[in-house]
Amino acid sequence: MDMKTVRRQARERMNGACRVCPQCNGKACSGELPGMGGIRSGASFRANISALEKVHLKLRLIHDLREPETACEILGLPLKMPILIAPLAGTSFNMGNGLSEERFAQAVTAGARAAGTVSCTGDGTSEVFDNGLNAVQSLDGWGIPIIKPWAGEAFFERLERVARAGCRVVGMDLDTAAITALAKSKRPVSPKSREELAEIVQKSHALGLKFMLKGVLSVEDALAAEACGCDALVVSNHGGRVLEALPGTADALPDIARSVRRMAVLVDGGVRSGADVLKMLALGARAVLIGRPAIIAAMGAEEEGVRLFLTRLQRQLMESMLLTGCASLRQAGPHLLA
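What you see as residue numbers is a count from 1 along each chain, following the sequence as written. Local features in this predicted model are restricted to residues of pLDDT 70 or higher, and side-chain atom pairs are both shown and tallied only at a pLDDT of 80 or more, whereas totals for entire chains, interfaces and linings draw on every residue. To get the side-chain values, all heavy atoms of the structure are used, and hydrogens and water are removed first.

Structural notes on the sheet that holds strand S3 (residues 83-85)
Part 1: A pair of strands counts as paired when DSSP detects no fewer than two bridges linking them. Put simply, DSSP marks the helices as runs of H or I at least four residues long and the strands as runs of E at least two long, and each gets a number from the N terminus on. As summarised here, the arrangement of the eight strands in space is S3-S10-S9-S8-S7-S6-S5-S4, forming an open sheet in which the pairing is parallel. This sheet does not close on itself; its edge strands, each paired only once, are S3 and strand S4 (120-121).
Part 2: For strand S6 (residues 169-173) and strand S7 (residues 210-216), the ladder comprises five bridges, and the chain directions are parallel. Across the sheet, Val169 pairs through a bridge with Lys210, a residue of S7.
Part 3: In the packing of helix H8 (residues 194-206) onto the sheet, contacts are made with S6 and S7, and the angle to S7 comes to roughly 145°. The contact criterion used is simple: two residues touch if any of their non-hydrogen atoms lie within 4.5 Å. Only the stretch in contact is used when fitting a helix axis, every axis being a line fitted to C-alpha atoms; angles between N-to-C directions are given from 0 to 180 degrees.

And the structure:
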């Protein structure tokens with residue numbers, strides 16, 4: 001099995017929901033929601049790609065480095081690489097129904113573990129959340145369930161289930177707070193006040209869970225999240241799927257990373273290669289999350305596809321570190337940028 005075969009099989013399984021383009025940049029799928037595209041014009045999806053393309057690494061070859069170290073610890077989880085899988089779900093309405101929701105959740109969760117890292121799991125319908133949590137529980141809690149910003153007690157009900165599943169980390173994707181389909185449900189989503197967020201974090205900690213807030217794109221929200229006790233944040237515009245007038249995450253990341261003192265800063269959005277991973281680390285992230293390419297890998301060859309994809313990214317990251325003279329992730333910083 002190789003990635004060329006994985007991509008060919010994914011194209012067949014996804015039934016047109018994704019063209020599996022040579023470059024995943026949001027142009028072919030603009031406005032395809034449900035589907036794999038960015039919202040409306042797709043501008044925010046494309047902004048993620050263009051923001052990373054503007055960042056360049058500095059070539060450094062006169063050094064004695066031979067084997068860069070990619071291992072790290074994120075929120076107490078020991079990982080072989082600073083690359084996680086983002087919360088992904090909705091196989092029937094976003095991914096061409098090539099895999100069941102249950103099988104997809106198992107593929108990304110087990111594939112990430114086989115590669116030495118961890119997957120987040122998604123939320124939405126009860127089926128989506130249940131399948132993701134079941135996949136994590138089957139691996140003794142090895143995963144990060146991400147819960148929608150449900151109003152009322154719905155959030156806390158799922159939070160308690162995450163704790164019972166043996167997880168160590170939980171998250172909330174606040175960037176889904178205005179998704180219309182969710183807002184019309186019996187359990188609507190909403191933005192959170194500082195008081196509401198602080199209560200969520202406190203209850204997570206009381207259950208023995210570290211808390212990660214996904215969907216931060218401003219210094220103001222980053223500082224508020226830190227004040228509320230969050231352990232980590234993810235700089236994200238939700239893959240360009242919620243608002244078309246947002247900046248690319250690589251543009252927003254440096255100011256946010258400089259503004260916080262205690263939280264781990266992660267980022268997603270447009271990461272397609274090991275060089276992109278190193279760019280994000282140099283801009284201030286501790287780790288990255290991967291979305292659409294991980295969907296293609298899972299659809300193409302399930303667990304094996306995810307493992308192949310992640311190990312290839314790790315190898316590319318090591319090559320990028322070698323070519324920039326970066327011995328370990330602790331050494332990644334702005335000095336690596338040209």
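Following the structure, the description resumes.
Side note on helix H4 (residues 101-115)
Part 1: Over its 15 residues, H4 extends 21 Å from the first C-alpha to the last, a length consistent with the 21 Å expected when each residue adds 1.5 Å.
Part 2: All of the buried residues in H4 are Glu101, Phe104, Ala105, Ala107, Val108, Thr109, Gly111, Ala112 and Ala115.
Part 3: Backbone geometry just downstream of H4 places Gly116 in the positive-phi region, at approximately 90°. One less than the number of residues in a helix, times 1.5 Å, gives the span that helix is expected to have. With a 1.4 Å probe rolled over the protein chains alone, any residue whose accessible area is under 20% of its type maximum counts as buried; one over 50% counts as exposed, and the rest are partly exposed.

Digging into the environment of Arg7
Part 1: With respect to the helices, strands and loops of the structure, Arg7 is situated in helix H1 (residues 3-13).
Part 2: A relative accessible area of 26% places Arg7 in the partly exposed class.
Part 3: Considered as a pair, Arg7 and Cys21 are 14 residues apart in the sequence and their alpha carbons are 9.3 Å apart.
Part 4: Discounting chain neighbours no more than four positions away, the residues touching Arg7 are Val20, Cys21, Pro22 and Ile296.
Part 5: Engagement of the side chain of Arg7 in a polar contact is seen with the backbone oxygen of Val20, the distance being 3.3 Å. Any pair of nitrogen or oxygen atoms within 3.5 Å is treated as a polar contact; in protein, a donor-acceptor pairing is required on top of that, and neighbouring residues in sequence qualify only through side-chain atoms on both sides.

Re the pattern of salt bridges
Part 1: Salt bridge, as used here, is a side-chain nitrogen of Lys or Arg placed within 4 Å of a carboxyl oxygen of Asp or Glu. Following the criterion strictly, the structure yields 14 salt bridges and no others.
Part 2: Across the salt bridge formed by Lys214 and Asp175, the nearest N and O atoms sit 3.2 Å from each other. With Lys214 in strand S7 and Asp175 in the loop between S6 and helix H7 (180-183), this residue pair connects regions lying 39 residues apart in the sequence.
Part 3: Linking Arg258 and Asp255 is a salt bridge whose minimum nitrogen-to-oxygen distance equals 2.4 Å. Taken together, the residues span about one helical turn, with Arg258 and Asp255 both in helix H10 (residues 249-259) at a distance of three residues.

Considerations on the pairing of S7
Part 1: Of all seven residues in S7, six are buried; the element is thus mostly enclosed.
Part 2: Across four bridges, the pairing between S7 and strand S8 (residues 232-235) is parallel. Across the sheet, the residue bridging to Lys214 is Val234, located in S8.
Part 3: Here is how to tell: hold the view so the strands point away, follow the path from the first strand over the helix to the second, and if it runs clockwise the crossover is right-handed. Handedness of the β-α-β unit built from S7, helix H9 (residues 219-227) and S8 comes out right-handed.

Some thoughts on the nonpolar core
Part 1: Take the buried Ala, Val, Leu, Ile, Met, Phe, Trp, Tyr and Cys residues and link them wherever side-chain atoms come within 4.5 Å; each set so joined is a nonpolar core. Phe211, Leu266 and Met280 are the most contacted members of the largest nonpolar core, which totals 110 residues.
Part 2: Ranked by residues supplied to this core, first place goes to helix H12 (residues 292-324) with 14 residues.

Digging into H1
Part 1: Those residues of H1 not exposed but buried are Met3, Val6 and Ala10. Projected down its long axis, H1 carries its buried residues within an arc of 50°, all on one side. Pointing more than 90 degrees away from the buried face of H1 are the exposed residues Lys4 and Glu12.
Part 2: Along its buried surface, H1 packs onto H12.
Part 3: Of the residues trailing H1, Asn15 is marked for its positive phi of about 50°. What the arc measures is the spread of directions leading from the helix axis to the C-beta atoms.

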